[in-house]
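Breakdown of the fold
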Amino acid sequence: MIRKTTLKQNFLIWLFFVCSVSYAQDRVYADAISNQSSVTQPNNAIDSDLATNAIVRAGSGIVLGIGNYNGLLELNYPTTVPANTTSFIKIATEDDILSSLLGGSLGGLLSDIVGTLLVGNQEFSVEAFNIDNSVLQTSSGLVNAFSSDEARVVKDKNGDYFLALTPSSPYDRVSITNSVGSLIGLGQERDLNVYGAYYGEGDTTCGAPNYTSFSGEGLTLDLLGLGGAGVANPEFAIDGDDTTFSELSLGLVDVLAGIEQTFYFDSPEDTGDNYYIKMAMDPSLLQLGIANSIEVIGQDGAGQSIYSDNLSSLLDLDVLGLLESGQPAVIGFDPTIPVDRVTVRLSSLLGVSIDQELLIYDVFRAPARPVITSTSDDLNICAGFSTRVVAEVENDDNVELRWYDSEEDGNLLATLDSGQAFTTPILNSDTTYYVAAAEIGCLKESPRTEVTINVESVPTADDITVLGNENPICSSDNVVLVPTSSVDGTYSWYFDANKTNEITDGLVSGGATYEIDSNGVLTITGLTEAGGPYTYFVSVKHDLAGCENAPGDLQSVEVNVVDFTKTVSIDSNPMVSLDSLIDIFNGNNSVNVTGTVSGDVMVGETISLSINGNLFDGVVAADSSFSIAVDAIDLVSDIDNTLEAFVQGVLCTVSEEIPVDLPDLIIDDIFQVFCASDFATVADLEVGLNDIVFFNDLTAGLQLNANTPLVDGEVYFAGIAGIPSSVLARVQITVQVNDVPMPTTNSSSQVFCESDDPTVGDIQVDQTNVVFYDSRLHGNAIDPSTPIEDGRWYYVAAVENGCESSERLRIMANIFADGISPITITGESEEVCRGRSYTYETNADKEDYVWTVVGGTITEGGTSTDNFVTVRWTELTGTQISVSYTDDSICSPSKMMSLNVETISCGMVLGEEFCLKVFNEFTPNNDGFNDFFTVQCIEDYSNTVEIYNRNGNLVYKTVDYRNTWNGLANVKGVLNNGDHLPSGTYYYSIKIPELERNLVGWLQLAR
């Protein structure tokens, strides 16, 4: 089968080639090894190929403490790397450590969920040096080792793991050490694969992030394991497939918590680049205000947050509409200062009964969205023509514009420079194009800008209607020809159908004068019966597209003029009130036009009214008056609001035109001011009249729903439903919506002392004029003298010029009772051996510690800043340890506690240490011989015994062991409680606090 390669496919292949070449040139790899130990194929880590790897080995040895070894590999860069520059080291561990460390500060909790024992099987440490000085060091065995901006575990789009190191000082090499834990047992080895280390120079991925990681706060093991919280498939947000997504979730959480995902770029942004995030969420969460709880953060290599904004301020109406319909939408932002990391943070909404989650489909950077700079003439054309459309983008260096025929995917029609015109084909109907901006040679593009070309048909004679020539016209009166058309345009008049002899305003020809007003109405004076009939021709030119009737296709207008000298005067003044006008459009279709007649007219003579092209007849009464029933709609809709009157077919009796007096809509207040906190709607506009509705346009437009929110600076058009604006002009009302900035505070969580009897007015805010509420929206105002309730949220609105802030500040209030935070001392106090050292601890993060020891000597700690002390006990009686400190964070700042210590003389034991001996093999088969795991003299000491299988999983644990374990599991996880453990090698950990001893080693279980 032969496949055709389309232009688009060739374009994508070329882009891939360009990006691949750029990728190879713009990375600086570590290219030398300065130190190594227990490494296989070390040169694979410096060959600039991340598909090959060195193997750093580590082993536990064959005898406890004998033969164990660690592996080390130290990689040098060709030159010193500047401070705050991130190095990426691709690694792979034999045990599943990295998947948990990817979660940053959640690493320990995630480790518990997946059953990974971070300390015990395999560990690694990493360090950065500048010559011989260590500038950064951390290890997988430390708590929160990879939760800072200086050291993170990250993942690329392929699911491979990297260490991201960002030392705050210059450095020239990185070192990684592999080791095994203390519980792995003897004869075990673990490998660590190192593929290479590099740092980026320039945008090597054409706007796509290389790596991602995640972290969280306020989450518990239950929330992560059972509540659905966490980040699922983080690499899907950077895999280049915008149909897959990572999922940030807080689950059903009712505590203050947050989850975030960070995206790493090789370098800071290029000048003019914007960042874009394609995301989606449950529309119900938008209604609950989650946009204010989603934060977008930009950072530089130093970990500094140099850009931060919440999602609500980044949404425009188009994007908001997509999110509200449940569809993914692209949100863009411009940090203005270069960043190389973008973090999306989701904070919890309290009291929400649905899962709080955010889907991230893609994160990338690209030029700003193009702006269409073409004029209206270019965007409105006549059928059968083409046009040129110009789009531009800011900072257009190395930027190209790509034109498409679809909002997504579609065909690439042209690739042009910013400001270069895109030429359409010949168009015969409205057509929409889309244009995106991209760096030359890169796949990533800005969101596409839509541009619609409006194509108008060429007007024909049938598109024009002319009024004013329906009846013969008296030579003594003006001929008024009024053109109308469905085409919005400008009229031109001619003496011929081929447009060779145009009638212009003010023209005098053949004794007649021609005048044309701005609406195209032609008024002719001086015509006589002898010269008639007269024929004129009119065309219309579309205001936007410029289309005009072709020669030979103009509307013709024939005018008949009659000479007559009879004098008749008609006096009438038709007036329509607003109430009458409403009645007319509610179905009252008949109105009487009255007046009087004078001059050469007789009683009983017929008098006729020409209204809106229709004739209505009456007779002259004995008192020279008349009353003629006419169609009410015709009366109020007459195009020039003027009636023509004449007597019984004697046309020239028309003495004058009769104006129709239509009412105006009077609204006193056309500039109305509202407070944003009132959430005013169209229904709140004050007009003082009944039957008023509002529209979004002066003449056409749609009627607005009464619940439509009012927008600051918008204009609303008042009218009466069913009455055309051509009959009753609408009145525009301009709206000003005053919003007050949300109040600020120095703490969103405030603590008060119960003894102070705190009230709501004691809550700290920076503004003096505020109102307290019991909910985020609406709710009840709270009197400032109301006592504060412990653990309650309070909501504060600022007040300025009679308006409250539409957003309320949320503050948590807690009340501490005096002495609510007890002081503690932890450490051995019973049967403590004289002559040995023991460590005691009290509450951390306090001030002015004072440690007092009776009967012992302080060997470590014990200063005014230490919350611990190490004591060597020297006496057998009267021994005691005391501590006091100051705690300014609570209501009783002075704390003190004493602990009596019982010391004994433990003596010296020679030979086998303390009589303890572990028998490494037992056979729990109930044959009465060697059925139990035995430790000699274990009954003489308080102890804790833990048994692990060869995978590092805990299977048995007990306190004060008495040689009674027969191989049954008592820890759920690998097996159920009470299950028989299979034959094999296991590892023990025996802790004996009295002797300050931890015994570790292997044991063999045989059935």
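To be clear, the structure that these remarks concern was listed above.
The paragraphs below set out a description of the structure included in this document. (Residues numbered from 1 in each chain as written. Predicted model: local features only at pLDDT ≥ 70, side-chain atom pairs only at ≥ 80, totals over all residues. Heavy atoms only, no water.)

Side note on helix H8 (residues 578-585)
Residues separated by three or four positions in an α-helix point in the same direction, a consequence of the helix having 3.6 residues per turn. Those residues of H8 not exposed but buried are Leu-581, Ile-582 and Ile-584. The buried residues of H8 occupy one face: seen down the axis, they fall within an arc of 155°. Where H8 is buried, its residues meet strand E43 (590-599), helix H9 (632-637) and strand E51 (715-720). Phi for Gly-587, located one or two positions after H8, is positive at around 120°. (Buried < 20%, exposed > 50% of the residue type's maximum accessible area, 1.4 Å probe, protein only. Helix = DSSP H or I, 4+ residues; strand = E, 2+ residues; numbered from the N terminus. Arc of directions from axis to C-beta. Contact = heavy atoms within 4.5 Å.)

As for the packing of aromatic side chains
Considering all chains together, one arrives at 25 aromatic pairs under this definition. On the basis of an interplanar angle of 70° and a centroid distance of 5.2 Å, the ring pair of Tyr-77 and Tyr-199 is categorised as edge-to-face. Here Tyr-77 is found in strand E5 (residues 71-81), whereas its partner Tyr-199 is found in strand E12 (residues 189-200), with 122 residues between them in sequence. The pair Tyr-77 / Tyr-199 is uniform in exposure class, with both members buried. For the ring pair Phe-922 and Phe-933, a centre distance of 6.1 Å and an interplane angle of 50° mean the geometry is tilted. One end of the pair, Phe-922, is in strand E68 (residues 921-922); the other, Phe-933, is in the loop between E68 and strand E69 (935-936), with eleven residues separating them in the sequence. The class of Phe-922 is buried, set by a relative accessible area of 1%. Grouped by ring-pair contacts, the aromatic residues Phe-922, Phe-933, Tyr-956, Tyr-961, Trp-965 and Tyr-988 constitute a single cluster. It is Arg-448 that lies over the ring of Tyr-404; its NZ or CZ is 3.6 Å from the centre. One residue, Arg-808, lies across the ring of Tyr-773, its end atom 3.6 Å from the ring centre. (Phe/Tyr/Trp six-rings, centres within 6.5 Å; stacked < 30°, edge-to-face > 60°. Lys NZ or Arg CZ within 6 Å of the ring centre and 35° of its normal.)

Digging into the sheet that holds strand E39 (residues 534-542)
Spatial strand order, E35-E34-E39-E40: four strands in an open sheet with antiparallel pairing. Where the open sheet ends on each side, the last strands, each with one partner, are strand E35 (502-503) and strand E40 (555-559). Bridge count for E39 against E40 is five bridges, and the pairing is antiparallel. Each residue of the ladder has a partner; that of Tyr-534, found in E40, is Val-559. (Pairing = 2+ DSSP bridges.)

Structural notes on the sheet that holds E51
Reading across from one edge, E49-E52-E51-E50 is the order of the four strands in this open sheet, with mixed pairing throughout. Both outer strands of the open sheet, strand E49 (671-675) and strand E50 (692-695), are each paired with one neighbouring strand and no more. Sheet twist, expressed as the average angle between the axes of neighbouring strands with direction ignored, equals 35°. Pairing between E50 and E51: four bridges, direction antiparallel. Each bridged residue has a counterpart across the sheet, and for Phe-695 the counterpart in E51 is Phe-717. (Axes fitted to C-alpha atoms, helices over the stretch in contact; angles between N-to-C directions.)

So, helix H6 (residues 317-324)
Capping of H6 at its N-terminal end is provided by Asp-316; its side-chain oxygen lies 2.7 Å from the backbone amide nitrogen of Val-319. Note on H6: the residue one or two positions beyond its end, Gly-326, has a positive phi of about 85°. (Polar contact = N/O pair within 3.5 Å; in protein donor to acceptor, adjacent residues only side chain to side chain.)

What about the state of the cysteines?
Scanning the entire structure with this criterion turns up two disulfides. In this model Cys-382 forms its disulfide with Cys-547; the gap between the sulfur atoms is 1.8 Å. The S-S bond linking Cys-382 to Cys-547 shows a torsion near -125°; that makes this disulfide left-handed. Taken as a pair, Cys-382 in strand E24 (residues 380-382) and Cys-547 in the loop between E39 and E40 lie far apart in primary sequence, 165 residues in all. Cys-547 sits in the buried class, given a relative accessible area of 2%. Cys-675 shares a disulfide with Cys-803; S-S distance 1.9 Å. Of note, the bridge from Cys-675 to Cys-803 carries an S-S torsion of about -75° and is left-handed in sense. Residue Cys-675 is found in strand E49, and its partner Cys-803 is found in strand E57 (residues 803-804); the two are separated by 128 residues along the sequence. Assessed through its relative accessible area of 5%, Cys-803 is described here as buried. (Disulfide = S-S within 2.5 Å.)

Shape is all these values report; function is a separate question.
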